[in-house]
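Here are the chains, one letter per residue:
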Amino acid sequence: QVLVNRYERDPRNRQAAIAIHGKSCLACGFNFHQKYGELGDEYIVVHHTVPISQMGNDYVVDPAKDLVTLCANCHAMVHRNDPPISVTDLRKILSD
């Protein structure tokens, strides 16, 4: 049995984040649809900029500021640190 908070996996938040931020990785620019065609359409990871562990039960997720779209590789890299590094910091790493 796995228990999760509803806001953590709310598909409406995911769709809103994609509508706001797009389907390309905000760190590296990778776009699954452009690379893989229809197979990659709609595939993007939605990352919480505020760690879920810091959200209380009353926290209301704002898809514009609390969620970002990342490719799977960049999502893994932001989580290599605890707390996760920001997309801005990851972009700096990628530009070096």
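Because the structure is a prediction, the values reported are computed rather than measured.

Draft legend 1. View of the pairing of strand 1 (residues 45-48). Of the two faces of strand 1, the one lined by Val-45 and His-47 and the one lined by Val-46 and His-48 are each fully buried. Summarising the sheet, strand 1 and strand 2 (residues 67-70) pair through four bridges and their orientation is antiparallel. In the strand pairing of strand 2, Val-46 is matched with Thr-69.

Draft legend 2. Fine view of the environment of Ile-18. In this fold, Ile-18 is placed in helix 1 (residues 11-21). Owing to a relative accessible area of 6%, Ile-18 belongs among the buried residues under this scheme. For the pair Ile-18 and Thr-69, spaced 51 residues apart in sequence, the C-alpha separation works out to 6.7 Å. When neighbours within four sequence positions are excluded, Ile-18 is seen to be in contact with Lys-23, Ile-44, Val-46 and Thr-69.

What counts and what doesn't
- Residues numbered from 1 in each chain as written.
- Predicted model: local features only at pLDDT ≥ 70, side-chain atom pairs only at ≥ 80, totals over all residues.
- Heavy atoms only, no water.
- Buried < 20%, exposed > 50% of the residue type's maximum accessible area, 1.4 Å probe, protein only.
- Helix = DSSP H or I, 4+ residues; strand = E, 2+ residues; numbered from the N terminus.
- Pairing = 2+ DSSP bridges.
- Contact = heavy atoms within 4.5 Å.

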